[in-house]
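Topology and contacts: notes
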Amino acid sequence: MQASWMILASLFFSMMGVCIKYASAHFHTFELVFFRGLIGVVFMAWICRMQGITLRTPIPMMHVWRSVVGVTSLAAWFYALGHLPLSTAMTLNYMSGVWVAVFLVGGTLLSGKLREIRRQVPIVLAVLAGFGGVVLLLRPTIEQDQWVAGVVGLLSGLIAALAYIQVAALGRLHEPEARTVFYFSVGTTVVGAALMLITGMSTWLWPSVLWLLPVGVLAALGQLCMTKAYSRGSTMVVANLQYSGIVFGALFGLLLFGDQIALMGWLGMALIMASGIASTILRNRGLPRTPD
């Protein structure tokens with residue numbers, strides 16, 4: 001079930017990406033960040049009300065930290081998108097799965113649980129194979145004068161990994177997923193509003209403004225499904241399944257925008273899907289009780 005939540009989240013995020021591509025012709029980046037967050041706040045407040053979940057939380061600082069690292073990662077990724085080829089920025093951001101594996105294995109090493117390391121190695125290899133599929137599909141490149149943006153892009157993936165681990169920690173404390181997404185949406189709205197004070201707003205033209213609604217709703221649904229996956233499943237396996245978003249994005253590009261996928265890209269997608277299936281099977285068979 002956790003695998004299904006992450007795959008569904010990746011589908012929602014990919015659909016959101018399609019809407020952002022259309023909306024970006026009419027709105028600048030910080031407007032999209034703001035309205036993505038604002039619509040998410042309203043939508044998740046409604047979800048919380050429908051589920052009978054109060055917005056008051058006993059662990060507010062954990063939500064603050066999750067919002068800080070999440071929004072920082074988002075800002076770093078947007079910077080990389082503006083200064084690097086799209087494929088390179090996407091690849092660096094999707095290194096979050098590799099960073100999650102590094103953090104979890106490092107934590108296991110520091111705790112001295114060598115037996116657990118042996119159990120984690122097969123899943124780590126599956127994560128690396130999945131990232132290899134991302135590289136084959138996107139084929140990133142970087143020029144000599146783009147190293148600063150490259151470092152920022154690398155940091156976006158690293159910080160995203162910290163955010164995912166924080167989401168998993170909130171889940172272990174039985175924090176409702178809808179409330180977690182609500183507070184992240186609040187953080188996104190605040191940052192987007194602050195940046196819009198500097199950049200200003202675009203002229204609203206009807207019906208282009210309608211693209212903002214699916215951007216916000218799909219982002220909230222993606223965050224909700226992702227939070228459910230990280231809260232209830234193996235962190236490393238869920239991080240690996242996140243690569244499925246690249247596959248959905250490539251297929252949407254092929255169907256909607258006429259993007260071409262080379263043979264190497266198809267091989268990359270096959271590797272991503274195979275690694276996701278392998279990591280899920282390995283988790284279910286070999287790591288049923290591993291607290292990761």
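Structure: see above.
Figured I'd write up the structure that's included with this text. (Residues numbered from 1 in each chain as written. Predicted model: local features only at pLDDT ≥ 70, side-chain atom pairs only at ≥ 80, totals over all residues. Heavy atoms only, no water.)

**Here we look at the overall build of the protein**
- Tallying secondary structure elements over the protein gives twelve helices and zero strands in all.
- Starting at the N terminus and walking to the C terminus, you meet the elements of the protein as α-α-α-α-α-α-α-α-α-α-α-α.
- By the compact-globule yardstick of 19 Å for 292 residues, the protein fits well, its C-alpha radius of gyration being 19 Å.
- Looking at the protein as a whole, 51% of its 292 residues are labelled buried.
- Contacts in the protein between residues far apart in sequence, at least 24 positions, make up 89% of those at least 6 positions apart.
- Total accessible area on the protein stands at roughly 14,200 Å², and carbon and sulfur atoms take up 71% of it.
- Taking the average location of the 17 positive side-chain charges in the protein and that of its 8 negative ones, the two points are 14 Å from each other. (Helix = DSSP H or I, 4+ residues; strand = E, 2+ residues; numbered from the N terminus. Rg over C-alpha atoms; globule rule 2.2 N^0.38 Å. Buried < 20%, exposed > 50% of the residue type's maximum accessible area, 1.4 Å probe, protein only. Contact = heavy atoms within 4.5 Å. Areas by Shrake-Rupley, 256 points an atom, 1.4 Å probe, with all protein chains shown as cover. Lys, Arg positive; Asp, Glu negative; His and termini not counted. Charge placed at Lys NZ, Arg CZ, Asp CG, Glu CD.)

**A look at a nonpolar patch on the surface**
- On the surface, a cluster of nonpolar side chains totalling about 480 Å² of accessible area is made up of Tyr79, Trp147, Val148, Val151 and Leu155.
- For the nonpolar patch, the leading source of residues is helix H7 (residues 147-172), giving four residues.
- If you trace the backbone, Leu155 turns up in helix H7. (Patch = residues over 30% accessible without salt bridge, like charges linked within 9 Å, V, L, I, M, F, W, Y side chains within 5 Å. Salt bridge = Lys/Arg side-chain N within 4 Å of Asp/Glu carboxyl O.)

**Let's talk about the pattern of salt bridges**
- Per the stated rule, a full pass over the model turns up two salt bridges.
- The salt bridge partner of Arg179 is Glu175, with a shortest N-O separation of 2.8 Å.
- According to the relative accessible area criterion, Glu175 is buried, its value standing at 5%.
- Of the charged contacts in the structure, one is a salt bridge between Lys228 and Glu177, with a shortest N-O distance of 4.0 Å. Of this pair, Lys228 sits in helix H9 (residues 212-232) while Glu177 sits in helix H8 (residues 177-199); the two residues are 51 residues apart in sequence, bridging distant segments of the chain.
- Looking at Lys228, the relative accessible area reads 13%, which means it is buried.

**Here we look at the nonpolar core**
- Ranked by internal contacts, the top residues of the largest apolar core, which has 53 residues, are Met6, Val134, Tyr230, Met236, Tyr243 and Ile246.
- Not counting residues up to four positions away in its chain, the partners in contact with Tyr243 are Tyr94, Gly97, Val98, Val127, Gly130, Phe131, Val134 and Ile272. (Core = buried A, V, L, I, M, F, W, Y, C linked by side-chain atoms within 4.5 Å.)

**Comments concerning the packing of aromatic side chains**
- One pass over the structure, following the stated rule, counts ten aromatic pairs.
- A connected cluster of aromatic rings, assembled from ring pairs, spans Phe27, Phe34, Phe35 and Trp204.
- Taking NZ or CZ as reference, Arg66 lies 4.0 Å from the ring centre of Phe184, over its face.
- A cation over an aromatic ring shows up here: Lys228 above the ring of Trp5, its NZ or CZ 5.3 Å from the ring centre. (Phe/Tyr/Trp six-rings, centres within 6.5 Å; stacked < 30°, edge-to-face > 60°. Lys NZ or Arg CZ within 6 Å of the ring centre and 35° of its normal.)

**A closer look at helix H11 (residues 244-256)**
- Compared with the 18 Å implied by 1.5 Å per residue over 13 residues, the 18 Å span of H11 between its first and last C-alpha is a close match.
- All buried positions along H11 are accounted for by Ser244, Gly245, Ile246, Val247, Ala250 and Gly253.
- With its phi angle positive at about 70°, Gly258 sits one or two positions after the end of H11. (Expected span 1.5 Å × (residues − 1).)

**Concerning the state of the cysteines**
- Under the counting rule described, the total for this entry stands at zero disulfides.
- The structure places no disulfide on Cys48, whose sulfur is separated from the nearest cysteine sulfur, that of Cys225, by 14 Å.
- Look at Cys48 and you get buried, because its relative accessible area is 1%.
- The class of Cys225 is buried, set by a relative accessible area of 5%. (Disulfide = S-S within 2.5 Å.)

**Looking at empty space enclosed by the protein**
- If you walk through the whole model with that rule in mind, you get one cavity of 30 Å³ or more.
- Roughly 50 Å³ of volume is contained in the largest cavity.
- If you trace the largest cavity, you find it lined by Arg36, Gly37, Gly40, Phe184, Ser185, Thr188, Gly216, Ala219, Ala220 and Gln223.
- At the level of secondary structure, the elements contributing two or more residues to the lining of the largest cavity comprise helix H2 (29-51), H8 and H9.
- Considering each element in turn, the lining of the largest cavity owes the most residues, four residues, to H9.
- Within the lining of the largest cavity, the residues separate by chemical class into three nonpolar, six polar and one charged. (1 Å grid on protein atoms, 1.4 Å probe; cavity = no way out; pocket = protein on both sides within 12 Å on 5 of 7 lines; lining within 4 Å. Points joined across faces, edges and corners; volume = space filled by probe spheres on them. Nonpolar A, V, L, I, M, F, W, Y, C, P; charged D, E, K, R; others polar.)

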